[in-house]
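Report on the structure
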Amino acid sequence: MPTTQVLNGLSPMSETTPESSPGPSPKRPCFQGSPAYGTIEASSLGGLAARACEKCRASKRKCDKKLPFCDRCKRLNAKCHYIHDISNNVIPQGAQLVIYQPHSLSHDALLRGAEPLEGITAAQILSLISPGSGSGQQQQQQQVDWRAVVNVYFLCVHSWYAVVHPTLFEQHQAAHLAALTDGSDTPEQHSNSNPHPHPHHLNSNSDRHAKTAALLVAAMYLLTRMRITDAGPQPIFDETYRTVKRLLSSLLLGCAGDPGVGVEVVQCGALVALYEYGHGDAVTAYRTLSQAVVTARVLGIRQPAQLLVEGGGGGGGGGGEDVAMTGMGMGMGAGVGVEEEEEQSGCLWWGMFILEQFIHQDENARDFPFLLESPTRDTLLPETPPTTPPPSSTGGQSGTTGSGAGAGFPTSPPTSAAPPPRHLSTNIVIGTEKFGSFQLSAKTACLFHRALRIDKERDARPGKMPLVSTYAELDSEIRESTLTLLGETLDWEDMLDCFAMLVSALFTLYMPYLPILENSLRFSSAPASSLVASSAEISTAVAALRFACKMSTDISCKLNANFGSAPRSPAFLCAPAGATCYLVIQAYAALRRIFPEERDECEANIEEKFESLKLFSFRWGIAEKMMSQLEKKLNVDRNYYLQHSRLMPPSHTMCFDFTPR
């Protein structure tokens, strides 16, 4: 008698694993028979099982025993197992096992082959960045302007999240993509281990590298998309994201023991994790980042080496940290390619480290363990990679305007005007050493990490007063770095990630003191100023929080004024700054309760920070999430604070207009 088997479609655009995607996932049934038992026959579908399914039995919940799967498992989108005793003849056909699996594995095009991504082509992956991807509209073989995506990514994101090395990308990944889109031959660079490789092996390696290169560009594309609001697009956790995540998951799952896995898989994981965090899902970002970290360790990408200082090198305390934590020391005898590979590994590790600190700051991920080891005072900071790729060596210019880009799709900046670097080109002196671009981000991330570790390890009992003396040195370093950046930075917008980490570090250290102060006021008739003055711990904490709030608000005033006076692209805004605005508003809300005489000033500052969140919401979904959380937590209406705002949602064209103003 024929059996029933419902197959999932082969299109990667229509499925996602619930654990790897915050978006909705389709429920498509698949009935799989065990080789030992066989499958339920068509005539028995719709009957009742002899006993509850295994999931309901394990959770001790009532099961309706419906076949082929119960309503509870369908509602939870979970596997539904019915195990039927052989001696029981309730089902006349004698089938002993039925499994409901929401997402088929044996018929999944990505998992049915031994090679990851075997059931999909590089061209299909690259089509995700076409204007109509994920919309179901016609996608005839139009030319994909993948170079425009790469240029926008390096221009807008790379400066504060340098996980992809521009030069190495152009030398390796871009070569495979150019061969795919331009019709040229893909250079094969994997013959060092086999001087006479088999032609099939060459084609296999070339095809695999083309797929991973295309996936890396698709991950870059996610980070170049604007959220905007009102009438504009809102592409957050849509089909394009879910497809990229599903393709990435198949690579990450198959990395163990695979000699062919490349660093671009880790880079994809780091980029997708940033996308998830930037749009407000810190828990999913943590999961994705953890997979990327594991894969990085498989590839030997670990914490950068330590600088060994001997003799009079100055590796002691105080300024010695600045001496030790500089990115010098690539092998003098190493070739340029080796140096660039080491540079890429170091920047990738530091990029993941920076992102992890922001993830741990989220309320939903605060109790998660650290994924990456803590840098020591002798850990080398990253070398600063170039901000843009060199001119294409595979045909065409890396900055040419793509002719195949459709309406509403970002095009490459014109070659006549080279895109401006997003970080300072000159070094900034902090302590005794000079730091430049990405080194500043890594340095401030180390300070942020130390604050987060203190917060995780201190006594969490209510009312327990932390001792500020235990982190007085860290407080001093944070303030020194903040004042230095304020004095040396020509454009605060360029260094928003560093300011966000420094401000967040101060809030991490001192926010627990505000509930203690408020609780003390309930049982005392003395004014708040007297209670603050009577405690060295409280007075230090309040002073530090006022410093952090004022510094953050001053930056917001300048930023809001710049965007309110003339239309500007929000593409350069970094994702983590939205979470810092959330903390500042919480602090001001507490200060206005503690010090009623400061209510008007606090209200004005809260209004300024809400306007900043509105500005960031054009770019990142995390800002929208922060505003929603503040409305619930503080019982306020954002519209009250935004009633005087002059910020308007930018057009999609304006989002990709990088003309200096």
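Everything numeric here is computed off the predicted structure, so don't read it as measured data.

Considerations on the overall build of the protein chain
- When its secondary structure is counted, the protein chain shows 22 helices and four strands.
- Here the protein chain holds 661 residues, and the buried ones make up 54% of them.
- Residue pairs in contact within the protein chain that sit at least 24 positions apart in sequence constitute 75% of those at least 6 positions apart.
- When the accessible surface of the protein chain is split by element, carbon and sulfur atoms take 53% of a total near 28,400 Å².

Some thoughts on the side chain of Thr224
- On the secondary structure map, Thr224 appears in helix α6 (residues 199-224).
- The buried category is assigned to Thr224, whose relative accessible area is 2%.
- Setting aside anything within four residues of it in sequence, one finds Thr224 in contact with Val149, Val152, Tyr153, Arg619 and Phe656.

Focus on helix α8 (residues 263-278)
- The end-to-end C-alpha separation of α8 is 23 Å, in line with the 22 Å expected for 16 residues at 1.5 Å each.
- Within α8, 16 of the 16 residues are buried, leaving the element largely enclosed by the surrounding structure.

What to know about the pattern of salt bridges
- With the rule as written, the count across this model stands at 22 salt bridges.
- When the shortest N-O distance is used, the salt bridge between Lys211 and Asp207 registers 3.2 Å. Of this pair, Lys211 and Asp207 both sit in helix α6, four residues apart, which is roughly one turn of the helix.
- Judged by relative accessible area, Lys211 falls into the buried class, the value being 6%.
- Assessed through its relative accessible area of 36%, Asp207 is described here as partly exposed.
- With a shortest N-O distance of 3.1 Å, Asp554 and Lys550 are connected by a salt bridge. Taken together, the residues span about one helical turn, with Asp554 and Lys550 both in helix α17 (residues 536-565) at a distance of four residues.

Side note on helix α20 (residues 621-634)
- Taking 1.5 Å of rise per residue, 14 residues should cover 20 Å, and α20 covers 20 Å from first to last C-alpha, within 8% of that figure.
- Of all the residues in α20, the buried ones are Gly621, Ile622, Ala623, Met626, Met627, Leu630 and Leu634.
- Tucked inside the fold, the buried residues of α20 contact α8, α18 (577-594), α19 (599-617) and α21 (638-641).

Here we look at the packing of aromatic side chains
- Across all of its chains, the model carries 16 aromatic pairs by this definition.
- Taken together, a centroid distance of 6.2 Å and an interplanar angle of 45° make the contact between Trp160 and Tyr161 tilted.
- On the basis of relative accessibility, which here comes to 1%, the residue Tyr161 falls in the buried class.
- Taking the centre distance of 5.1 Å and the plane angle of 85° together, the rings of Trp349 and Trp350 count as edge-to-face.

Topic: the nonpolar core
- With 168 residues, the main nonpolar core has Phe169, Met220, Leu271, Met352, Phe507 and Tyr510 as its most contacted residues.
- Take this core: its biggest share by element is 13 residues, from α18.
- With residues up to four places along the chain from it excluded, the contact list for Tyr510 reads Val468, Tyr471, Asp475, Thr540, Ala541, Ala544 and Leu545.
- One finds Cys53, Phe69, Cys70 and Cys73 within the second-largest nonpolar core, a separate group that totals eleven residues.

Here we look at the packing of helix α15 (residues 513-522) against α18
- Interaxial distance between α15 and α18 falls to 11 Å at its minimum, and their mutual angle equals 20°. When the axes of α15 and α18 are compared, the pair comes out roughly parallel. As α15 runs across α18, the sense of the crossing is left-handed. Contact residues: Leu514, Leu517, Glu518 and Leu521 in α15; Ala587, Ala590, Leu591, Arg593 and Ile594 in α18.
- When its residues are assigned to classes, the contact of α15 with α18 shows seven nonpolar, no polar and two charged.

A short note on the confidence of the model for the protein chain
- For the protein chain, per-residue confidence averages 74 on the pLDDT scale, and 68% of positions sit at 70 or higher.
- For the protein chain, the element scoring lowest by mean pLDDT is helix α10 (residues 320-324), at 38; α8 scores highest, at 95.
- For the stretch residues 85-112, pLDDT sits under 50, and the model shows 81 contacts to residues farther than four places along the chain or on other chains.
- Low pLDDT, under 50, characterises residues 132-142; the stretch is placed with 16 contacts to residues that sit more than four places away or in other chains.

Quick notes on the side chain of Glu356
- In this fold, Glu356 is placed in helix α11 (residues 336-361).
- One buried charged residue, Glu356, remains without a salt bridge, the closest side chain of opposite sign being Arg297 at 7.6 Å.
- In terms of polar contacts, Glu356 uses its side chain to reach the side chain of His360, at 2.9 Å.
- Here Glu356 is in contact with Leu289, Pro369, Phe370, Leu371 and Leu372, once residues within four sequence places are set aside.

Overview of the packing of α17 against α19
- Running from amino to carboxyl end, α17 crosses α19 at an angle of 55°, the nearest separation of the two axes being 9 Å. Looking at the two axes, α17 sits oblique to α19. Pair α17 / α19 crosses with left-handed handedness. Packed against α17, whose contacting residues are Ser552, Thr553, Ser556, Cys557, Leu559, Asn560 and Phe563, the element α19 presents Asn605, Glu608, Lys609, Glu611, Ser612, Leu615 and Phe616 at the interface.
- Each residue belonging to the contact of α17 with α19 can be placed in one class, and the counts come to five nonpolar, six polar and three charged.

As for unusual backbone geometry
- At Lys65, a position not held by glycine, the phi torsion is positive, near 60°.
- Among the secondary structure elements, Lys65 is positioned in the loop between α1 (54-59) and α2 (71-76).
- Judged by its relative accessible area of 31%, Lys65 falls in the partly exposed class.
- With a phi angle near 55°, Asn635 is a residue other than glycine that sits in the positive phi range.
- Among the secondary structure elements, Asn635 is positioned in the loop between α20 and α21.
- Exposure remark for Asn635: the relative accessible area of 70% places this residue in the exposed category.

Brief notes about the environment of Glu537
- Within the element layout of this structure, Glu537 appears in helix α17.
- A relative accessible area of 18% places Glu537 in the buried class.
- Taking C-alpha positions, Glu537 is 6.0 Å from Val468, a pair spaced 69 residues apart along the chain.
- Apart from residues lying up to four places away in sequence, Glu537 is in contact with Met465, Pro466, Leu467, Val468 and Tyr513.

Points about the environment of Leu216
- On the secondary structure map, Leu216 appears in helix α6.
- Every residue in contact with Leu216, bar those within four places of it in the chain, is listed here: Val164, Phe169, Gln173, Glu264, Gln267, Cys268 and Leu271.

Each value, and the rule that gives it
Residues numbered from 1 in each chain as written. Predicted model: local features only at pLDDT ≥ 70, side-chain atom pairs only at ≥ 80, totals over all residues. Heavy atoms only, no water. Helix = DSSP H or I, 4+ residues; strand = E, 2+ residues; numbered from the N terminus. Buried < 20%, exposed > 50% of the residue type's maximum accessible area, 1.4 Å probe, protein only. Contact = heavy atoms within 4.5 Å. Areas by Shrake-Rupley, 256 points an atom, 1.4 Å probe, with all protein chains shown as cover. Expected span 1.5 Å × (residues − 1). Salt bridge = Lys/Arg side-chain N within 4 Å of Asp/Glu carboxyl O. Phe/Tyr/Trp six-rings, centres within 6.5 Å; stacked < 30°, edge-to-face > 60°. Core = buried A, V, L, I, M, F, W, Y, C linked by side-chain atoms within 4.5 Å. Axes fitted to C-alpha atoms, helices over the stretch in contact; angles between N-to-C directions. Parallel < 35°, antiparallel > 145°, perpendicular 65-115°, else oblique. Left-handed = near helix turned anticlockwise from the far one by under 90°. Nonpolar A, V, L, I, M, F, W, Y, C, P; charged D, E, K, R; others polar. pLDDT = per-residue confidence, 0-100. Lys, Arg positive; Asp, Glu negative; His and termini not counted. Polar contact = N/O pair within 3.5 Å; in protein donor to acceptor, adjacent residues only side chain to side chain.

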